[in-house]
Amino acid sequence: MKRISPALFAVCGLAFGVLLGLWYGWRVSPVRYVNTTPDLLRQDYRDDYVLMVAEAYAADHDLGHAAQQLSRLGAREMGAEVRDTAARYAAAGYAEADLRKLYGLAADLEQAFGSAGGGP
Amino acid sequence: MRRRWFALAAGVLAGLALGAGYAWLVRPVRFADAAPASLRADFRDEYLALIASAYQASGDVSRAQARLALFADIASEDLTALAARRALVYGADAAVRGLATLAAIESGPPSPTAASSATPTARARQTPLATFPLTVSPFPSAVPFTRVPPAATAMGSLRLLSRDEVCDPLVGLRLEVRVRTRSGAPASGVEVRVRWAGGSDHFFTGLKPSMDAGYGDFAMDPDTDYQVELTGLALPVSGIRAPACSRVSGSVYYGGVRLVFEGQ
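Residues numbered from 1 in each chain as written. Chains lettered and ligands numbered in written order. Predicted model: local features only at pLDDT ≥ 70, side-chain atom pairs only at ≥ 80, totals over all residues. Heavy atoms only, no water.

Draft legend 1. Spatial organisation of the nonpolar core. Membership of the largest hydrophobic core comes to 46 residues, with the highest contact counts inside it found for A:Leu70, A:Leu105, B:Tyr47, B:Ile51 and B:Leu102. Here B:Tyr47 is in contact with A:Leu41, A:Tyr45, A:Asp48, A:Tyr49, A:Met52, B:Pro36, B:Leu39, B:Leu70 and B:Phe71, once residues within four sequence places are set aside. In this structure, B:Leu158, B:Val192, B:Val194 and B:Ile240 belong to the second largest nonpolar core, which totals 22 residues. (Core = buried A, V, L, I, M, F, W, Y, C linked by side-chain atoms within 4.5 Å. Buried < 20%, exposed > 50% of the residue type's maximum accessible area, 1.4 Å probe, protein only. Contact = heavy atoms within 4.5 Å.)

Shown next, in the form of structure tokens:
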């Protein structure tokens, strides 16, 4: 019977160790993010953020401030982002008053910053 | 034989280091589904201010509470502190007034709404889409708080109901302002501006909810005349000065002044 060389043992150990390390790093103790930014928010929180901006904008009509707040989400086209949120909320059956605020903000963004409603 | 086991162990250790290094440094778990509670401190403050601004605009308290519930570790004192910090930078903007109001609500008795009756853990797991009511819920009348409605922000919508000197050594030179609506409910988030010869300052009602949701105060100096104005809501009250009070022993100390404003 042929003897298994120490090098093969080392390679097998290395492969097993890599798998063990990946399992530990991805599953057991993955990197934890605690200082995140708004652009990393989950979609439903992101939508709610947009709705809050629209609610505040409906009262103060400060488009620059609204655009600044929306820019935190990292969207390249703010108007489109607001419209997408409005579409999701419409599908979810949100009140017409909320949708009006969202569409109003989207329209004003698009008017002020072009049809794409990009940032200032 | 021993060399082989040594080689195996060395391989495992090296592989473990490589694997963990790859998982942590080269290609960590992609994080794209953050919750508001995980935001960096400055973005977290901004998010809370946005909740307050949206509340100030819509008046929907149940929605604001559901949003605040996403931050399981936020207490009314945190909102009060944030309102004070923002007031120094931005003045009495909608977010500051909203934060003061929400702080007063959060410190009040528990609301019977679902959002506030759930356990903190359950509340933290709620998502806005799942919890927001589709209609505006009226604020329960049992909670001793009433926001000054935006429609009532015209000059003269509040009047000075009483002006009293407070001779209490424990109170000292304190100018107390209490604001109530016409129905008598405390009104928080009202900006009170104090002027004197050579200076001015301002504060908000509701930042000391333990006193009263419509309460705010200011430390006066002796022998100084002050003018108090509820910005945009009431006519200025002039000639306010710390009164000279005397103890039973005959010694004299400075007392405070209490102003009560009420909606009309």
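Draft legend 2. Molecular detail of the interface of chain B and chain A. On the side of chain A, 48 residues touch chain B, which itself brings 46 residues to the contact. Taken together, the two surfaces of chain B and chain A that pack against each other cover about 4,300 Å², and 67% of this comes from carbon and sulfur. Among the salt bridges present, the one from A:Glu55 reaches B:Arg67, with a minimum N-O distance of 2.9 Å. Applying the counting rule to chain B against chain A returns 13 residue pairs in polar contact (both at pLDDT 80 or more). Among the elements of the structure, α1 (2-26), α2 (41-58), α3 (61-68) and α8 (128-131) of chain B are those that each provide at least two residues to the side of chain B that touches chain A. (Buried area = accessible area lost by both parts, 1.4 Å probe. Salt bridge = Lys/Arg side-chain N within 4 Å of Asp/Glu carboxyl O. Polar contact = N/O pair within 3.5 Å; in protein donor to acceptor, adjacent residues only side chain to side chain. Helix = DSSP H or I, 4+ residues; strand = E, 2+ residues; numbered from the N terminus.)

Draft legend 3. Structural view of the environment of B:Val194. All names here are of chain B. Considering the arrangement of structural elements, one finds valine 194 in strand β5 (residues 191-196). Sequence separation of valine 194 and isoleucine 240 is 46 residues, and the distance between their C-alpha atoms is 10.0 Å. In this structure, valine 194 is in contact with Leu175, Gly199, Ser200, Asp201, Phe203, Phe218, Tyr226, Gln227 and Val228, ignoring residues within four places of it in sequence.

Draft legend 4. Summary view of the sheet that holds strand β7 (residues 215-219) of chain B. Residue and element names in this part refer to chain B. Read across the sheet, 4 strands follow the order β2-β12-β3-β7 without closing on themselves; strand pairing throughout is mixed. Looking along the sheet, the strands with just one partner apiece sit at the ends: β2 (158-166) and β7. On average, adjacent strands in this sheet sit at an angle of 15 degrees to one another, irrespective of strand direction. By the bridge criterion, 8 bridges tie β2 to strand β12 (residues 256-263) in an arrangement that is antiparallel. Bridged to aspartate 164 within β12 is arginine 258. (Pairing = 2+ DSSP bridges. Axes fitted to C-alpha atoms, helices over the stretch in contact; angles between N-to-C directions.)

Draft legend 5. Inspection of the packing of α2(B) against helix α5 (residues 94-107) of chain B at higher detail. All names here are of chain B. It is the contact of α2 with α5, at a shortest axis distance of 7 Å, that shows an interaxial angle of 90 degrees. Taken together, the axes of α2 and α5 lie roughly perpendicular to each other. Between α2, through Leu48, Ala49, Ile51, Ala52, Ser53, Tyr55 and Gln56, and α5, the contact on the second element is made entirely by Ala94, Ala95, Arg97, Gly98, Leu99, Thr101, Leu102 and Ile105. Residue composition of the contact of α2 with α5, grouped by class: 10 nonpolar, 4 polar and 1 charged. (Parallel < 35°, antiparallel > 145°, perpendicular 65-115°, else oblique. Nonpolar A, V, L, I, M, F, W, Y, C, P; charged D, E, K, R; others polar.)

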